[in-house]
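# Structure assessment
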Amino acid sequence: MRTTDLTTWHPASWQAKTAQQQPRYPDASALERAIAELSRLPPIVVSWEVDALRERLAAAQRGEAFLLQGGDCAETFEGCESDKIAKQLKILLQMSLVLLHGLKKPVIRVGRMAGQYAKPRSADTETRDGVTLPSYRGDLVNHPEFTAEARTPDPTLLLRGYERAALTLNFTRALVAGGFADLHHPEYWDLGFVHHSPLKDAFERIATSIADSLDFLEGMSGRRVHEATHAGFFASHEGLVLHYEQAQARFIPRQNRWYDLSTHMPWIGMRTAQLDGAHIEFFRGIANPVGVKIGAAMDDEWLQGLVATLNPQNVPGRLALIHRFGAKEIERALPRMINAVRETGHSVLWICDPMHGNTETSTGGLKTRRFDNILKEIDLAFRIHRDLGSVLGGVHIELTGEDVTECTGGARGLSDADLQRAYRSTVDPRLNYEQSLELALLIAERAHARRA
Ligand code: PEP
Ligand code: CO
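This report concerns the structure included in the present document. (Residues numbered from 1 in each chain as written. Chains lettered and ligands numbered in written order. Predicted model: local features only at pLDDT ≥ 70, side-chain atom pairs only at ≥ 80, totals over all residues. Heavy atoms only, no water.)

### Here we look at the pattern of salt bridges
Using the criterion set out here, one finds 27 salt bridges in the structure. When the shortest N-O distance is used, the salt bridge between Asp-83 and Lys-87 registers 3.2 Å. Linking Asp-83 with Lys-87, this pair stays in helix H3 (residues 82-103), spanning four residues, or about one helical turn. Accessibility expressed as a relative area gives 44% for Asp-83, which makes it partly exposed. The closest approach of N and O atoms between Lys-367 and Asp-428, which form a salt bridge, is 2.7 Å. Taken together, the positions of Lys-367 in strand E13 (residues 367-368) and Asp-428 in the loop between strand E14 (392-398) and helix H13 (433-451) put the pair 61 residues apart, joining distant regions of the chain. One network of salt bridges, in which partners are shared, links Arg-112, Lys-367, Arg-369, Glu-398 and Asp-428. (Salt bridge = Lys/Arg side-chain N within 4 Å of Asp/Glu carboxyl O. Helix = DSSP H or I, 4+ residues; strand = E, 2+ residues; numbered from the N terminus. Buried < 20%, exposed > 50% of the residue type's maximum accessible area, 1.4 Å probe, protein only.)

Structure, rendered in structure tokens:
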């Protein structure tokens, strides 16, 4: 596979293009030093894992597997703690088990984790009381406090981010390899505070049924069902800060191609997906599976350009289009886009992000999302793809394993007034533990009903 014309692409070729959403580092030599150091440190992931994920995403693209991609809108350096990481892994594992049971296909688990430290912002600067400073762009770039010192982009944070990403993935890998992700033992994934939840019973029924089926199969065959039960875990983040990604691009001679080894599956955000922009230039040159967030404002030409530029060889599993229209817009926008991609003759992996098109402001002024709109967008996505003979291969969700109150609705019927209680996100509102599990249960239930 060659994804790139190596005569014109190199890891810094993006620098000749217009790069949106980049920090302005005041000290160019400090930036050079940070990039040089990052370039010689070992990679966070390795190329064969990236290739393995691409193969699995190719299966999702064909409808033979399903991708569950989820995590915080933004990770913080402070949030790099064992308890938080374990909870995040647990909710993703629980959801994947429920989806496996309902969809009857392998679930590929990809965290928005271990590198999700940078955010696009609607404005480059923020003004308070007549003072204008650079916007906070995430812990990879600067600090949230409103002082000139905190807000000045600091290139050494690229190194701190790399280290936190490595710590997060190291712990996650150890848990997964140690049997934590083993479907024989879903009891490891219990999140203490939901003992009284009715969802817990539904989850336990599914978990027991899967563990029983496995025991039965293994009893019959005399062998462990290893592949399905020990399914791995992959990392992803928005590839926003291009110096960070560039410094972790590595040429793998055996494969004769470049990889971005900062993560398994980077994605390009809505605000940085311009065809002639720096992000598309960087990501066209690497062999990782790459996602692009797409919205209703993208015309057919733009979409077809993304497909042609990012996956000229039509490699299965290489390009994921993550659509985020909102429950109100999806019926208008998605059919056109499915047809536009079809005209290219290329295949993509379609993923539904039901979060970013459904953001609204609560009566109390907080950024929130309604559970019903999230569910509705997923329902419509399944239906529209099916009606058009296309495949919805996965979902992309902002969630947390913690008991926060950031999105309204769900089985507990969280209201606008409840949001004050435990609103912790400084960026987008996440589904909390119960809402995430409920969403997985409802997706599974509907899939079951469709088959019946
Ligand atoms: C995000 O995923 O947090 C994000 C900013 O999404 P989008 O690029 O789709 O707006
Ligand atoms: Co977000």
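So that's the structure; there's more coming.
### A word on the site of ligand 1
Every residue lining ligand 1 is accounted for by Cys-73, Arg-112, Lys-119, Pro-120, Trp-267, Gly-269, Met-270, Arg-271, Lys-293, Arg-324, His-356 and Glu-398. Separating an oxygen atom of ligand 1 from a backbone N or O atom of Met-270 is a distance of 2.9 Å. Each residue belonging to the shell around ligand 1 can be placed in one class, and the counts come to four nonpolar, two polar and six charged. (Near = heavy atom within 4 Å. Polar contact = N/O pair within 3.5 Å; in protein donor to acceptor, adjacent residues only side chain to side chain. Nonpolar A, V, L, I, M, F, W, Y, C, P; charged D, E, K, R; others polar.)

### Here's the deal with the packing of aromatic side chains
Under the defined criterion, the tally for this structure stands at six aromatic pairs. Aromatic pair Phe-282 and Phe-283: ring centres 5.0 Å apart, planes at 90°, arrangement edge-to-face. Judged by its relative accessible area of 0%, Phe-282 is buried. By relative accessible area, which is 0% here, Phe-283 ends up buried. Through a chain of ring-to-ring contacts, three or more aromatic side chains come together here, namely Trp-9, Phe-251, Trp-258, Phe-282 and Phe-283. Sitting over the face of the ring of Phe-382, Arg-450 holds its NZ or CZ atom 4.7 Å from the ring centroid. (Phe/Tyr/Trp six-rings, centres within 6.5 Å; stacked < 30°, edge-to-face > 60°. Lys NZ or Arg CZ within 6 Å of the ring centre and 35° of its normal.)

### Some points on the coordination of the cobalt ion (ligand 2)
With distances of 2.1 to 2.4 Å, the protein atoms coordinating the cobalt ion (ligand 2) are Cys-73 (SG), His-356 (NE2), Glu-398 (OE) and Asp-428 (OD). Donor residues for the cobalt ion (ligand 2), ordered by position in the chain, follow C-x282-H-x41-E-x29-D. Remark: Asp-428 occurs in the loop between E14 and H13 and His-356 occurs in the loop between strand E11 (349-352) and strand E12 (360-361); sequence separation between them is 72 residues. Each member of the pair His-356 and Asp-428 is classed as buried. (Donors = N, O, S within 2.8 Å, 3.2 Å for Na, K, Ca; no water.)

Read these as spatial facts, not as claims about activity.
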